[in-house]
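Topology and contacts: notes
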There are 2 protein chains.
Amino acid sequence: METVSENASHGGVQGVYRHRSEACACDMTFAVYLPPQAQQGRVPVVWYLSGLTCTHENAMTKAALQGHAALHGVAVIYPDTSPRGEGVADDDAYDLGQGAGFYVNATEAPWAPHFRMYDYVVEELPGLVGANFAIDMERQGVTGHSMGGHGALTIAMRNPDRFRSVSAFAPIAHPSTSDWGRKQLAAYLGEDREGWKGHDACLLLAERGWHSDLLIDQGASDQFIDLLKPESLAAALAATRTPSVFRMQPGYDHSYFFVETFGGDHIAWHAERLGV
Amino acid sequence: METVSENASHGGVQGVYRHRSEACACDMTFAVYLPPQAQQGRVPVVWYLSGLTCTHENAMTKAALQGHAALHGVAVIYPDTSPRGEGVADDDAYDLGQGAGFYVNATEAPWAPHFRMYDYVVEELPGLVGANFAIDMERQGVTGHSMGGHGALTIAMRNPDRFRSVSAFAPIAHPSTSDWGRKQLAAYLGEDREGWKGHDACLLLAERGWHSDLLIDQGASDQFIDLLKPESLAAALAATRTPSVFRMQPGYDHSYFFVETFGGDHIAWHAERLGV
């Protein structure tokens with residue numbers, strides 16, 4: 001693991017690191033914010049999964065989670081959103097290929113050799129950060145924005161023993177019924193919709209439920225709201241009687257100004273559930 | 001004036017606007033954050049002047065001042081750092097020409113026709129925002145980072161009736177003795193150093209003083225610290241007995257992670273002095 005950069009932030013360290021990923025068969029870059037409390041011992045962690053077109057960097061520089069993380073004493077990890085580099089398949093569309101991994105393990109050509117973001121986020125990267133940073137892997141939460149909200153919800157529900165808490169900002173909530181989802185799940189997983197069910201938050205919620213509560217923020221003026229299907233998620237949360245807070249925020253759009261506005265609420269919410 | 005974008009942020013609006021500048025003889029873009037309190041009446045304002053290579057956008061997306069501005073009920077204005085566009089002179093160096101206006105009125109070729117950032121920030125843009133936004137121009141403060149810290153300190157000291165409060169993040173404090181300053185002041189203002197005196201915070205402080213107090217944050221691990229001359233500013237503040245808080249912050253560098261960490265302190269400090 002190679003250190004790309006480390007910057008002081010709110011008494012802690014915002015670092016960027018690069019490593020050879022076995023899951024993705026390429027070099028991967030990720031960011032970790034360690035709060036000042038990590039100098040005294042292992043701290044809980046909130047994973048932040050990013051949306052379409054993003055790298056590890058967007059939320060790290062725009063979401064301003066560091067101050068809240070320092071206040072509560074939690075680490076934040078920002079993975080990349082796909083494999084990258086020469087030899088890694090890509091597509092001209094912004095919403096397929098590099099920058100658009102959708103947090104699945106691709107089974108189809110040309111994606112299968114590298115696009116294994118599910119394994120990368122669920123297995124490989126936790127092992128790496130647990131071994132290299134003062135992070136308590138027994139206390140993990142996960143959040144994300146847009147495609148990353150999809151990742152957060154689906155990964156949490158598939159791994160309830162791993163994650164104590166989950167929240168999302170404007171998640172792609174029902175991808176198997178959306179143009180943000182059908183194209184990508186078909187490309188990565190094939191046309192058989194049976195294989196999509198494990199990667200659709202609404203379907204997973206109905207099938208498996210969630211052991212704790214959820215926090216969802218959605219901007220009412222989100223320019224992509226028709227692709228996100230918040231009404232399906234709200235209905236599924238209500239139908240399954242899942243303890244949850246679903247906030248339809250008037251005036252807010254899909255941008256980082258939205259995420260940044262409510263980021264403090266999410267970090268506080270996770271911190272409370274992670275025992276800090 | 002044309003609206004480029006408006007995004008909800010912390011209950012207020014983060015807007016970006018474009019207009020034809022008479023001072024700079026080109027189109028100029030600037031950003032304004034209006035807190036929710038501006039819906040009820042005019043609010044005080046803090047000008048944020050940015051550093052080398054920046055546009056109106058960098059601090060708007062990376063400094064996370066909006067939440068603090070909403071908490072205290074102040075607006076924040078982010079001007080660009082130079083004229084731009086076809087027909088505007090430029091230089092291959094990152095620290096001269098476009099993105100590096102140094103907040104002066106150029107008198108020398110090829111800069112004089114457009115590089116009038118002093119007049120733009122001191123005269124033209126205040127008139128425009130006062131006429132178009134719910135901002136109380138009787139209550140103005142100014143801050144900035146690096147070259148923008150230089151701009152904040154020099155513009156405030158030259159216009160004490162205009163500004164009630166001034167602070168700076170890692171300012172270029174003594175440009176007439178630095179490689180961040182001598183080249184630019186010579187290019188824009190000519191070789192006669194008499195003309196530089198009005199654009200050097202340390203010299204202005206000795207000559208004119210400041211009617212109130214100052215807040216300066218400087219990272220001790222700033223990679224450009226030798227160019228900034230914080231020791232000259234600290235000495236000048238002490239020698240002139242100017243009420244001030246000069247904080248040498250251990251571990252912090254020159255990045256927006258530094259600005260973002262201490263941005264809340266600066267907004268609170270200005271708000272207190274602007275009577276909110």
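From a predicted model like this one, the values you see are computed outputs, not experimental measurements. (Residues numbered from 1 in each chain as written. Chains lettered and ligands numbered in written order. Predicted model: local features only at pLDDT ≥ 70, side-chain atom pairs only at ≥ 80, totals over all residues. Heavy atoms only, no water.)

Quick word on the overall build of chain A
The condition that has to hold: Strands are runs of DSSP state E lasting at least 2 residues, helices are runs of H or I lasting at least 4, and numbering of each runs from the N terminus. Atoms considered for the radius of gyration are the C-alpha atoms alone. The globule rule reads 2.2 Å times the number of residues to the power 0.38. Note on classification: 1.4 Å probe, protein chains only; a residue is buried when its accessible area is under 20% of the maximum for its type, exposed when over 50%, partly exposed between these limits. We call two residues in contact whenever any of their non-hydrogen atoms come within 4.5 Å of each other. Charged-residue counts in this description rest on Lys and Arg as positive and Asp and Glu as negative, His and the chain ends being excluded. The atoms used to mark charge sites are NZ of Lys, CZ of Arg, CG of Asp and CD of Glu.
Summing up its helical and strand segments, chain A has 9 helices and 9 strands in all. The C-alpha radius of gyration computed for chain A amounts to 17 Å, which stays within 12% of the reference 19 Å derived for 276 residues, consistent with globular compactness. In terms of its C-alpha atoms, chain A occupies a principal-axis envelope of roughly 50 × 45 × 35 Å. A total of 276 residues make up chain A; the buried ones form 62% of that total. A sequence separation of at least 24 residues applies to 72% of the contacts in chain A between residues at least 6 apart. Charge-centre separation for chain A: the mean point of 19 positive side chains lies 4 Å from the mean point of 33 negative side chains.

Describing the interface of chain B and chain A
What counts is decided by this rule: Each of two parts loses accessible area, computed with a 1.4 Å probe, when they are put together; buried area is these two losses added. Take a side-chain nitrogen of Lys or Arg and a carboxyl oxygen of Asp or Glu: if they are within 4 Å of each other, that pair is a salt bridge. Any N or O atom pair separated by 3.5 Å or less is treated as a polar contact, with the protein-specific requirement of one donor-capable and one acceptor-capable atom, and with residues adjacent in sequence counted only for side-chain atom pairs. Each residue is assigned to one class: nonpolar for Ala, Val, Leu, Ile, Met, Phe, Trp, Tyr, Cys and Pro, charged for Asp, Glu, Lys and Arg, and polar for all the others, Gly among them.
Between chain B and chain A, the contact holds 20 residues from the first and 20 residues from the second. Carbon and sulfur atoms supply 53% of the area buried between chain B and chain A, which totals about 1,600 Å² over both sides. Counting across the interface, chain B meets chain A through 0 salt bridges. Counting across the interface, chain B meets chain A through 11 residue pairs in polar contact (both at pLDDT 80 or more). If you list the elements that add at least two residues to the side of chain B that touches chain A, you get strand 1 (2-9), helix 1 (57-62) and helix 9 (256-273) of chain B. Its residues assigned to classes, the side of chain B that touches chain A shows 6 nonpolar, 10 polar and 4 charged.

Quick look at the environment of A:Val45
Residue and element names in this part refer to chain A. Along the chain, Val 45 turns up in strand 4 (residues 43-49). Residue classification places Val 45 among the buried positions, given a relative accessible area of 0%. The sequence separation of Val 45 and Tyr 33 amounts to 12 residues, and the corresponding C-alpha distance is 9.3 Å. If near-sequence neighbours (up to four positions away) are discounted, Val 45 is found in contact with Ala 75, Ile 77, Ile 135, Arg 139, Gln 140, Gly 141 and Leu 274.

Section: the UniProt feature "active site" (unreviewed entry) in chain A
Residue and element names in this part refer to chain A. The cut-off we apply is this: UniProt positions are given in the numbering used here, feature names are shortened, and annotations may be inferred rather than shown by experiment.
Mapped onto the present numbering, the UniProt feature "active site" (unreviewed entry) falls on Ser 146, Asp 222 and His 254. A maximum C-alpha distance of 10.7 Å places the annotated residues, which cover 109 residues in sequence, within one compact spot. Take Ser 146: it is sitting in the loop between strand 6 (135-144) and helix 4 (147-158). If we ignore the near neighbours within four places in the chain, the residues touching Ser 146 are Gly 51, Phe 169, Ala 170, Pro 171, Ile 172, Trp 180, Leu 228 and His 254. With respect to the element layout, Asp 222 can be found in the loop between strand 8 (214-219) and helix 7 (225-228). With relative accessibility at 4%, the residue Asp 222 sits in the buried group. Setting aside chain neighbours within four positions, we find Asp 222 in contact with Ala 170, Leu 228, Tyr 252, Asp 253 and His 254. Polar side-chain contacts of Asp 222 include one of 3.2 Å to the side chain of Gln 218.

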